[in-house]
Amino acid sequence: MQLTEHFNLSEFVRSDTASRLGIDNSINDPEIITNIRNLCERVLEPLRAYAGCPIIINSGYRCPQLNAAVGGSRRSQHMKGEACDIRVTDEATGDCWYSWMKEHLPYDQLIKERSQKSSGSIWIHVSLSINTRPTP
């Protein structure tokens, strides 16, 4: 299902952990799809226009079972379709995107994170409720 010009629902339900553990991470609730579309329209599409390149979702929607498997918060906005983790290629890109998002986009949470594993991968966690007011 195409949500916006550059984002498809499949990007938000894909999960290596779910595949490995046999967890069905599909979405049956239209409200969750509405929330993901809101995130795409208000955060991800503007970021893509700014960055001028594809935005890769590391982790989008998480059903409760998947959220527990990855150690997510019991109140995680990932389970409502209100959050995603965006892959960042390097520290400089992460800093640039994070700063731009902080100044120009609405969000509930905006966190630049780094894996504690040897890979040291970097991502930006962003969440946005449909009720969050636009940035002035």
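Residues numbered from 1 in each chain as written. Predicted model: local features only at pLDDT ≥ 70, side-chain atom pairs only at ≥ 80, totals over all residues. Heavy atoms only, no water.

Caption draft 1: Representation of the overall build of the chain within the structure. Along its length, the chain carries five helices and four strands. Secondary structure of the chain in N-to-C order comes out as α-α-α-β-α-β-α-β-β. Relative to the 2.2 N^0.38 estimate, which gives 14 Å for 136 residues, the radius of gyration of the chain is 14 Å and therefore close to what a compact globule would have. Looking at the chain as a whole, 45% of its 136 residues are labelled buried. Pairs at least 24 residues apart make up 65% of the contacts formed inside the chain by residues separated by at least 6 positions. (Helix = DSSP H or I, 4+ residues; strand = E, 2+ residues; numbered from the N terminus. Rg over C-alpha atoms; globule rule 2.2 N^0.38 Å. Buried < 20%, exposed > 50% of the residue type's maximum accessible area, 1.4 Å probe, protein only. Contact = heavy atoms within 4.5 Å.)

Caption draft 2: Representation of helix α3 (residues 30-51). An ideal rise of 1.5 Å per residue puts 32 Å on 22 residues; α3 measures up with 30 Å between its terminal C-alpha atoms. Along α3, the sharpest change in direction is near 40° and occurs at Cys-40. The elements touched by buried residues of α3 are α1 (10-13), β1 (57-59), β2 (83-88), α5 (91-104) and β4 (122-127). Capping of α3 at its N-terminal end is provided by Asp-29; its side-chain oxygen lies 2.8 Å from the backbone amide nitrogen of Glu-31. (Expected span 1.5 Å × (residues − 1). Bend = angle between axes of the 7 residues up to and from the residue. Polar contact = N/O pair within 3.5 Å; in protein donor to acceptor, adjacent residues only side chain to side chain.)

Caption draft 3: A look at the sheet that holds β4. In space, the four strands of this open sheet follow the order β1-β2-β4-β3, with antiparallel pairing throughout. Among the strands making up the open sheet, the edge pair consists of β1 and β3 (109-114). Going from strand to strand, the sheet's axes swing by 30° on average, the running direction of each strand aside. Running over the sheet, α3 touches β1, β2 and β4 and is turned about 10° from β2. Seen against the sheet, α5 touches β2, β3 and β4 and runs at an angle of roughly 170° to β3. (Pairing = 2+ DSSP bridges. Axes fitted to C-alpha atoms, helices over the stretch in contact; angles between N-to-C directions.)

Caption draft 4: Expanded view of the nonpolar core. If you look at the biggest cluster of nonpolar residues, it comprises 32 residues, and the most contacted ones within it are Phe-12, Ile-36, Val-43, Leu-44, Cys-84, Ile-86 and Met-101. Contributions of two or more residues to this core are made by α3, β2, α5 and β4. In terms of residue count, α3 provides more of this core than any other element does, eight residues in total. Those residues in contact with Leu-44 that lie beyond four places of it in its chain are Phe-7, Phe-12, Leu-39, Ile-55, Ile-57, Cys-84 and Ile-86. (Core = buried A, V, L, I, M, F, W, Y, C linked by side-chain atoms within 4.5 Å.)

Caption draft 5: Main features of the pattern of salt bridges. As enumerated under the stated definition, the model contains four salt bridges in all. When the shortest N-O distance is used, the salt bridge between Glu-91 and Arg-114 registers 1.9 Å. With Glu-91 in helix α5 and Arg-114 in strand β3, the pair connects residues that are 23 residues apart, well separated along the chain. In the salt-bridge network here, residues are joined through shared partners; they are Glu-91, Asp-95, Lys-112 and Arg-114. (Salt bridge = Lys/Arg side-chain N within 4 Å of Asp/Glu carboxyl O.)

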